[in-house]
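# Secondary and tertiary structure notes
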Amino acid sequence: MYALFQRIQQRSKKESAFVIGSPALIWQVIFFYLPLLLMMVSSIFILSEEGGIQGVTLKNFIPLFSSTHLTVIFSSIFLAFSTSLLCLVIAYPLAHFIAFKAGKYKTLMLFFLIVPFWTNFLLHVYAWFFVLEREGFLNTLLKKMGLIQEPIHFLNSIFAIILMMVYCYLPFMVLPIFSTLERFDRRFLEVSDDLGDSWLETFKKVMLPMTLPAVRAGFFLVFIPSFGEFIIPELMGGDKTYFVGNVVSQYVLGNETGELGAAFMVLSCLALVVAVMFIYFAFRKVSRMLLRGLQ
Amino acid sequence: MTKSQDEGVILNKINLTIPSGEFFALLGPSGCGKTTLLRLIAGFETPDSGVIYLGNTDITHIPVNKRKINIVFQNYALFPHLNVFNNVAYSLVIQKISKEEIEQRVIKILKAFHLENHIFKFPSQLSGGQQQRVALARAIINEPEVLLLDEPLAALDFKLREKMLIELIELQDKLKTTFVYVTHDQFEALTVADQMAIMNQEGDIEQIGTPQEIYEFPVSSFVAKFVGTTNILTGTLHNIDTDPEIDISHLGKFKVYIPQKKGWMFDGCTAALSMRPEKIYISKKPVENFTNTIKGEVSQIVYHGRSTQYNVIVNNQFKLQVFEQNEEHFPHEDIDYDDEVYLCWQKENALLLEN
């Protein structure tokens, strides 16, 4: 062990970084890139019973260009985007509050943010069932307040899905924004104030542009897993709504539809890449818009 | 501009008038509340009681962004996501001034600050001195009535600091804007200030005056010790009205000079005698024509280049500092460790302070 350590030290910085990083890299290759490659391969190659390659084909993709499949992809993008956007709207003020206003309760509030992660995911879902069901907390509350006569059907709807998604993914948005805001030097705000700017303009021209990279990171952290999420739609949406994750899992686990699942996964991956690129450029555009007026 | 406020324990009923159009330095030890005072003037904080006037206008409750006062922070706080041009243009853009005029004014000021080759650079690509100049340009481009500087040179090395001090003086001369310069560094304050105020640890102002007044005639031993170095000896005063002298126990009697009798002086009262090290003459032979002489032993010699510092022990218990200007390559006498020396001074060059 010591000899290894010495060898690492002797190597140049670049090489030692490689040595230290290689276990993670090997893990990544074996459990992530290889399966991905296998999926891609099985989506375009015709395989014999023994596993030999007999030819290349795109026939698995043809049935996917139907309105049902494309709708699934678009509704997944819609779900991921609305989840991310809602998370952002909630997370930014929340992170701002924890970073600037919470004072000595900062650690406590972060603790409460993380605490749901410590309990089983299914428990969260059942807890939300109790809140959302016909005779549940929310309906009872609304009834008592006289806002509704008949209970509203909350469960098995897009509303329930998005609610659960936002609930689960919120910390991924809060944490990067919080860590950037915490390091944010308040003197930037004071300088802007001192130079004559209003607080809204200061937020637009100073705080938001400087925290935008964190917002973008949070956005992707929520968007990308939301796109492929299939447990939450399955549990909260009943069997009404289909998203990419559900379709892939159904095809892959189903009889004789493995290649179709692989092809659908490849297609949805492509759609995801396009969506992510689109969001990336949207962020660039936003950052330019915020600084409009400056040259 | 008059103000007096009571800011908890930080500032204790301060009443300070900063003359307009002058370079005013606020000097005090760390934590004396000078930065708080600056933040009050800028408007980042409001006084618990008291009023702040700018000219004849009460600005105590005018928000920061409406005050014609700008500040340069110690770490400059240049916007890292904006280039030099946009940093400097920031306050002009807010005012919806035409693009052409903004460009003209920004380029003009950047040229004056020798930054014309760095217009499109970002703050992280600039050196400390350049960042400092960008921060200055950003603060003065909008022609404030008062420019506040919060230890603006603290992050620079000594040579650059000296250069920037001179640039600041020239800038103030040209603009005639009131500069308020906060620092804990007496060298900086003495260099730049037309007038300066000395604050003590309790947040009170001890003395206001020109650098020369403060250095040569400090009103208290705190000021004498804080600005420059000094030797303080305490003793009892005698013969105030005829031939005043101070009796320092274990050391003897020394002639003192009282140009004007102060309220606290009476025969037999205790007083502190403050002697600047450079005002004491050191020699191995007794020297005539000095009103006071004392004998001691050299315990330490520190060579500073332009001067040499001798630490002299007198009567085995008093340690006095003496600075000797190195006017020639070699000193007029070779003074070495443990040499017996005579320290001489004129009574007019030592100062009596209330103990």
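Being a predicted model, the structure only gives us computed values, none of them experimental.

### Digging into the overall build of chain A
- In terms of helices and strands, chain A carries twelve helices and two strands.
- Relative to a compact globule of 295 residues, whose C-alpha radius of gyration would be 19 Å, chain A shows 24 Å and is clearly more extended.
- Over its C-alpha atoms, taken along the principal directions, chain A stretches across nearly 75 × 75 × 45 Å.
- The buried share of chain A, taken over its 295 residues, is 26%.

### Notes on the overall build of chain B
- Assigned secondary structure in chain B consists of eight helices and 20 strands.
- The principal-axis extents of the C-alpha atoms in chain B amount to approximately 75 × 50 × 30 Å.
- Expressed as a percentage of the 355 residues in chain B, the buried residues total 39%.
- A separation threshold of at least 6 residues defines the contact pool for chain B, and within that pool the share at least 24 residues apart is 65%.

### With respect to the sheet that holds strand 13 (residues 252-255) of chain B
Residues and elements named next belong to chain B.
- Sheet architecture is open: five strands sit in the order 13-12-11-14-20, paired in antiparallel fashion. Strands with a single pairing partner mark the edges of an open sheet, and in this sheet they are strand 13 and strand 20 (350-354). Within the sheet, the average angular offset between the axes of one strand and its neighbour, ignoring direction, is 40°.
- Note that strand 14 (residues 270-275) and strand 20 share five bridges and pair antiparallel. Note that in strand 20 the partner of Ser274 across the bridge is Leu351.

### Remarks on the domain arrangement of chain A
Residues and elements named next belong to chain A.
- What the domain assignment lists for chain A is domain 1 (1-57) and domain 2 (64-290).
- The distance between the C-alpha centroids of domain 1 and domain 2 comes to 31 Å.
- At the interface, four residues of domain 1 touch six residues of domain 2.
- Of the residues assigned to the side of domain 1 that touches domain 2, the class counts are two nonpolar, two polar and no charged.

### With respect to the interface of chain B and chain A
- Between chain B and chain A, the contact holds 21 residues from the first and 18 residues from the second.
- When residues of the side of chain B that touches chain A are traced back to their parent elements, those giving at least two are strand 6 (69-72) and helix 2 (84-94) of chain B.
- Ranked by residues supplied to the side of chain B that touches chain A, first place goes to helix 2 of chain B with seven residues.
- Within the side of chain B that touches chain A, the residues separate by chemical class into 14 nonpolar, seven polar and no charged.

### Brief notes about the packing of helix 3 (residues 67-101) of chain A against helix 7 (residues 158-183) of chain A
Residue and element names in this part refer to chain A.
- Put simply, helix 3 and helix 7 touch, their axes get as near as 7 Å, and they point 45° apart. Between helix 3 and helix 7, the angle is such that the two are oblique. In this structure, helix 3 crosses over helix 7, and the sense of that crossing is right-handed.
- A class-by-class count of the residues in the contact of helix 3 with helix 7 yields 22 nonpolar, three polar and one charged.

### What to know about the environment of Leu142(A)
- Looking at the element boundaries, Leu142(A) is found in helix 6 (residues 137-144).
- Leu142(A) sits 37 residues away from Tyr105(A) along the chain, and the two C-alpha atoms are 32 Å apart.

### Observations concerning the domain arrangement of chain B
- Assigned domains of chain B: these are domain 1 (2-219) and domain 2 (229-354).
- Each of domain 1 of chain B and domain 2 of chain B was reduced to a C-alpha centroid, and the two centroids are 39 Å apart.

### Concerning the sheet that holds strand 10 (residues 205-209) of chain B
Residue and element names in this part refer to chain B.
- If you walk across this open sheet you meet the six strands as 6-7-8-3-9-10, and the pairing is mixed. Of all strands in the sheet, those bounded by a partner on one side alone are strand 6 and strand 10. Along the sheet, successive strands turn relative to each other by an average axial angle of 15°, direction set aside.

### Some words on the confidence of the model for chain B
- Residues with a pLDDT of 70 or more make up 97% of chain B, whose mean pLDDT is 91.
- Scored as a complex, the prediction yields pTM 0.82 and ipTM 0.83.

### Points about unusual backbone geometry
Residues and elements named next belong to chain B.
- Positive phi values are uncommon outside glycine, yet Glu151 reaches one of about 40°.
- Looking at the element boundaries, Glu151 is found in the loop between strand 7 (146-150) and helix 5 (158-175).
- Judged by the 20 C-beta atoms lying within 10 Å of it, Glu151 is buried.
- Backbone geometry at Asn239 places phi at a positive 50°, although glycine is not the residue there.
- With respect to the secondary-structure elements, Asn239 resides in the loop between strand 11 (231-238) and strand 12 (245-248).

### Thoughts on helix 3 (residues 99-112) of chain B
All names here are of chain B.
- Between its first and last C-alpha atoms helix 3 spans 20 Å; for 14 residues at 1.5 Å apiece the expected length is 20 Å, and the two agree.
- Along helix 3, the residues classified as buried are Ile102, Val106 and Leu110. Taken down its axis, helix 3 places every buried residue within 55° of arc, on the same side. Residues of helix 3 that are exposed and point over 90 degrees away from its buried face: Glu100, Glu101, Gln104 and Lys111.
- Packing partners of the buried residues in helix 3 comprise helix 2 and helix 4 (128-140).

### Digging into the environment of Lys284(B)
Residues and elements named next belong to chain B.
- Its place among the elements puts Lys284 in the loop between strand 15 (281-283) and strand 16 (292-303).
- When the C-alpha atoms of Lys284 and Ile102 are compared, they prove to be 68 Å apart, with 182 residues separating the residues in sequence.
- With residues near it in sequence (within four places) discarded, Lys284 still touches Glu333, Ile335, Asp339 and Val341.

### Focus on the nonpolar core
- Of all hydrophobic cores here, the largest spans 95 residues; its most connected members are Val88(B), Leu148(B), Val180(B) and Tyr181(B).
- By residue number, the principal contributor to this core is helix 2 of chain B, which donates seven residues.
- For Leu148(B), the residues in contact, after removing those within four places along its chain, are Leu38(B), Ile41(B), Ala42(B), Ile69(B), Ile71(B) and Val180(B).
- With 46 residues, the next largest nonpolar core counts Met39(A), Ile77(A), Ala91(A) and Ala160(A) among its residues.

### Here we look at the packing of helix 11 (residues 244-253) of chain A against helix 12 (residues 258-290) of chain A
Residue and element names in this part refer to chain A.
- Between helix 11 and helix 12, whose axes approach to 7 Å, the crossing angle comes to 155°. In this view, helix 11 runs roughly antiparallel relative to helix 12, as classed from their interaxial angle. The chirality of how helix 11 crosses helix 12 is left-handed. Together, Val244, Val247, Val248, Tyr251 and Val252 of helix 11 and Gly258, Leu260, Gly261, Phe264, Met265 and Ser268 of helix 12 make up the contact between the two elements.
- A class-by-class count of the residues in the contact of helix 11 with helix 12 yields eight nonpolar, three polar and no charged.

Cut-off values and rules
Residues numbered from 1 in each chain as written. Chains lettered and ligands numbered in written order. Predicted model: local features only at pLDDT ≥ 70, side-chain atom pairs only at ≥ 80, totals over all residues. Helix = DSSP H or I, 4+ residues; strand = E, 2+ residues; numbered from the N terminus. Rg over C-alpha atoms; globule rule 2.2 N^0.38 Å. Buried ≥ 20, exposed ≤ 12 C-beta atoms within 10 Å, placed from the backbone. Contact = placed C-beta atoms within 7 Å. Pairing = 2+ DSSP bridges. Axes fitted to C-alpha atoms, helices over the stretch in contact; angles between N-to-C directions. Domains from an automatic or database assignment. Nonpolar A, V, L, I, M, F, W, Y, C, P; charged D, E, K, R; others polar. Parallel < 35°, antiparallel > 145°, perpendicular 65-115°, else oblique. Left-handed = near helix turned anticlockwise from the far one by under 90°. pLDDT = per-residue confidence, 0-100. Expected span 1.5 Å × (residues − 1). Arc of directions from axis to C-beta. Core = buried A, V, L, I, M, F, W, Y, C linked by C-beta atoms within 7 Å.

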